[in-house]
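Report on the structure
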Amino acid sequence: MYVYYVSESGRLSDKLTHRIQELEEQLLKAEARLSEVQNHRPNAYNFSSHAPCSSSDRIDTLKCEVIHIAVVCAGYNSTRSFVTLVKSLLFYRKNPLHFHIVTDHVANVVLNTLFKTWNVPQLEITLYSADQVTSDVAWIPNKHYSGIYGLLKLTLVKVLPKDLAKVIVLDTDVTFATDIAELWTLFHKFNSQQALGLVENQSNWYLGKIWRKHRPWPALGRGFNSGVMLLNLIKLRAIGWDELWRSVAEKDLITHFATSLADQDIFNAIIKEHPDMVMSLPCLWNVQLSDNTRSESCYSEEADLKVIHWNSPKKLKVKNKHIEFFRNLYLTFLEYDGNLLRRELFGCNTTISSVLNRNITELTEDDPCYEFKKIRVMNFRTHLYFLDYKYVSTPDDVTLVAQLSMDRLQMLEMLCQYWEGPISLALYISDAEAQQLLSYISDSDALKARTNIGYHVVYKEGIAYPINKLRNIALEQVNTPYVFLSDIDFLPMPGLYSNLKKLVSNFELNITNKALVIPAFETQRYRTSIPQTKVEILNMLDMGTLFTFRYHVWQKGHAPTNYAKWKQSTTPYKVAWQPDYEPYIVVKKNIPLYDTRFVGFGWNKVSHIMELFAQGYSFYVLPNAFIIHMPHSPSFDIGKFRGSAPYRRCLKILKNEFIRELRKRYVSKQYSLRSV
């Protein structure tokens, strides 16, 4: 493939706090169990009832051979389960891996970003568009919930490179408990006729005993499960695989009308007619946790297991005598820090030092501003669209853009009550916190029904909070013409979204360099009513229960908004930019990104507004709009700024550096910027 952040000490809800403690306990237990399994696992593969492996089958003979893995991955949920599979593979692997992934547009965007930012050594990724082969299987009626994507494994012989000889094919809902190289060695067990390797089905599905009048597709005995497969591509091409599976499917559809288990039905129908082409793999390579399975009878010890297949809608609730072991193993990889999997494979000289590593090594750790500069060149592992996102933009649409860490998550619920439009969020969290995020949202009535929120997970790394990197990630994923650049701890006035959709057209923001300023206010009381109208704002200002934002600590940040004029105005008014101005604005989407040298607290928004000014943007204050800051405890980064002289010195160095660069880029604004 081409800092630990100390979160702010904000208050979490009791429910979220309890969930965090619960997951931490589960993770510790799972890691201990995983370590126990590793310590007792034999080095050589044991075939159980099959003939024992010869020494030539041991995985150490593979040395640096690249292992090829094919997966079909489509949709938001599938990318999450695929990441857990990848973690389990990387945890045990000792060989270079090459993933061949057939994707829809959604998964293509997500996985392309994920693997580029993950930057794992000796891991290659090739993405293939499902669009090129969906027409090959679209004619097959399919009752399986996977839809058309559940049939695409039939097309892998056509999709994969012609010079690729063999490949392991996996479902995204499997978890490895051993080195995949052991499975790769089983290709050597194929005889001259065998082209497929699969594990026997562990349910009674193909025996026709599930329910009355159940008519499964034809299968050899109990049939085979297609969640884990070995494909000898050379042999499959030689026998005309594409013509074979199509002719078998056409024939059986005459009597069965549709597939129930997608590609698995067709694979089994082919094997029924050509039994000599399949090698039956030991069941340990695909222990199927689904309803009506007999998986418990195919192994004796937990430590013997190789691959666990979560092929049931019930997932972790499936009944099995070893379900706690399965559950802990799965949770370990689900919450495992993916950054720890970037380890090099020693002895395999196939990795060229990445640009990221070269950039970091060029920095000097003795530099007092090393952490600031390191953050700027780091490429944080990023999982875009961590949850489903379904939203169609309109020509006047506005997306609220914000970033947050886990201790600000509870603020999102209230924000959603006041902003009904689309939201793009970058969340700086750990792998374990990402699972807490899923639980929190699924338990929240305000959040679980919203499909117009793009949750973009950026995984923690390093000691600083990369605030402007987060803002850029959220901004780049917006699919509306306009953005409202806000922060998670601000509540918009009721109706602000619908009002802004009208105003963006009136101001012609799409064809002019104009920014609409939303005046910001704050209260220092944790318990106070949220003003709903401008009249209420004015009354609270008079009573001293509300203030202009940062009035007591940093007046220069919002003074140019001219709040005295705002109180009297009924029409928008233009204000002049001044140094240190950092308003919250509505602007067209295609604007300069935030400068990533600024991390944590200080100059992160100021620098962005300054560059907009340098590009010729004008600022107009909306007289009937406002946002309210929700009070919370001070952040960790504010504490560092206030308590660390080196921190403030570095910030000043970066500020001066930024201004010098800005003057060079925007010569026409040099006079105005000289006073900064």
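Residues numbered from 1 in each chain as written. Predicted model: local features only at pLDDT ≥ 70, side-chain atom pairs only at ≥ 80, totals over all residues. Heavy atoms only, no water.

1. What about the nonpolar core?
The following threshold applies: Throughout, nonpolar core names a set of buried Ala, Val, Leu, Ile, Met, Phe, Trp, Tyr and Cys residues whose side chains join them through atoms within 4.5 Å. Using a 1.4 Å probe on the protein chains alone, a residue whose accessible area is under 20% of its type maximum counts as buried, one over 50% counts as exposed, and one in between counts as partly exposed. Strands are runs of DSSP state E lasting at least 2 residues, helices are runs of H or I lasting at least 4, and numbering of each runs from the N terminus. When checking whether two residues touch, look at their non-hydrogen atoms; a contact exists if any pair is within 4.5 Å.
In this structure, Trp419, Leu425, Leu437, Tyr455 and Phe484 are the most contacted members of the largest nonpolar core, which totals 110 residues. Of all the elements, helix α22 (residues 645–665) adds the most residues to this core, at seven residues. Beyond its immediate stretch of four places on either side in the chain, leucine 437 contacts Phe386, Leu387, Met406, Leu409, Leu427, Ile429 and Val457. Counting 57 residues, the second largest nonpolar core, distinct from the first, contains Leu97, Val199, Ile308 and Ile323.

2. Things to note about the state of the cysteines
Two cysteines joined by a covalent bond between their sulfur atoms form a disulfide. What counts is decided by this rule: Cysteine sulfurs are considered disulfide-paired once they come within 2.5 Å of each other.
Per the stated rule, a full pass over the model turns up one disulfide. The disulfide bridge from cysteine 369 ends at cysteine 650, spanning 2.2 Å between sulfur atoms. Between cysteine 369 and cysteine 650, the S-S dihedral sits near -100°, and the bridge is therefore left-handed. Of this pair, cysteine 369 sits in the loop between α11 (355–361) and α12 (370–377) while cysteine 650 sits in helix α22, and the two are 281 residues apart along the sequence.

3. Examining helix α20 (residues 604–614)
Taking burial as the measure, the 11 residues of α20 include 11 buried ones, the bulk of the element. Among the residues making up α20, those that are buried are Asn604, Lys605, Val606, Ser607, His608, Ile609, Met610, Glu611, Leu612, Phe613 and Ala614.

4. Comments concerning the packing of aromatic side chains
The geometry of two aromatic rings is summed up by the distance between their centres and the angle between their planes. Keep this limit in mind: Geometry of aromatic contacts follows a simple scheme: Phe, Tyr and Trp rings, the Trp one being its six-membered ring, pair when their centres are within 6.5 Å, and the pair is stacked under 30 degrees between planes, edge-to-face over 60, tilted otherwise. Charge-over-ring contacts are defined here by two conditions on Lys NZ or Arg CZ: a distance within 6 Å of the ring centre and an angle within 35 degrees of the ring normal.
Under the definition given, this model contains 30 aromatic pairs. Measuring from ring centre to ring centre gives 6.0 Å for tyrosine 92 and phenylalanine 333, while their planes differ by 70°; the resulting arrangement is edge-to-face. With tyrosine 92 in helix α2 (residues 76–92) and phenylalanine 333 in helix α10 (residues 323–334), this residue pair connects regions lying 241 residues apart in the sequence. For tyrosine 92, a relative accessible area of 8% gives the class buried. An aromatic cluster is present here, built from Phe82, Phe99, Phe115 and Trp118 joined pairwise through their rings. Its end group placed over the ring of tyrosine 620, lysine 514 keeps NZ or CZ at 5.5 Å from the ring centre.

5. Overview of the pattern of salt bridges
We apply this condition: Salt bridge, as used here, is a side-chain nitrogen of Lys or Arg placed within 4 Å of a carboxyl oxygen of Asp or Glu.
Scanning the entire structure with this criterion turns up 20 salt bridges. Note that glutamate 273 and lysine 251 form a salt bridge whose closest N and O atoms lie 2.0 Å from each other. Within this pair, whereas glutamate 273 is found in helix α9 (residues 263–273), its partner lysine 251 is found in helix α8 (residues 241–256), the two being separated by 22 residues in sequence. What makes glutamate 273 partly exposed here is its relative accessible area of 35%. Between arginine 597 and glutamate 661 there is a salt bridge whose closest N-O contact spans 2.6 Å. One end of the pair, arginine 597, is in the loop between β21 (584–588) and α20; the other, glutamate 661, is in helix α22, with 64 residues separating them in the sequence. A residue is classified by how much of its surface remains accessible, and glutamate 661, at 29% relative accessible area, is partly exposed. One network of salt bridges, in which partners are shared, links Arg376, Asp595, Arg597, Glu657 and Glu661.

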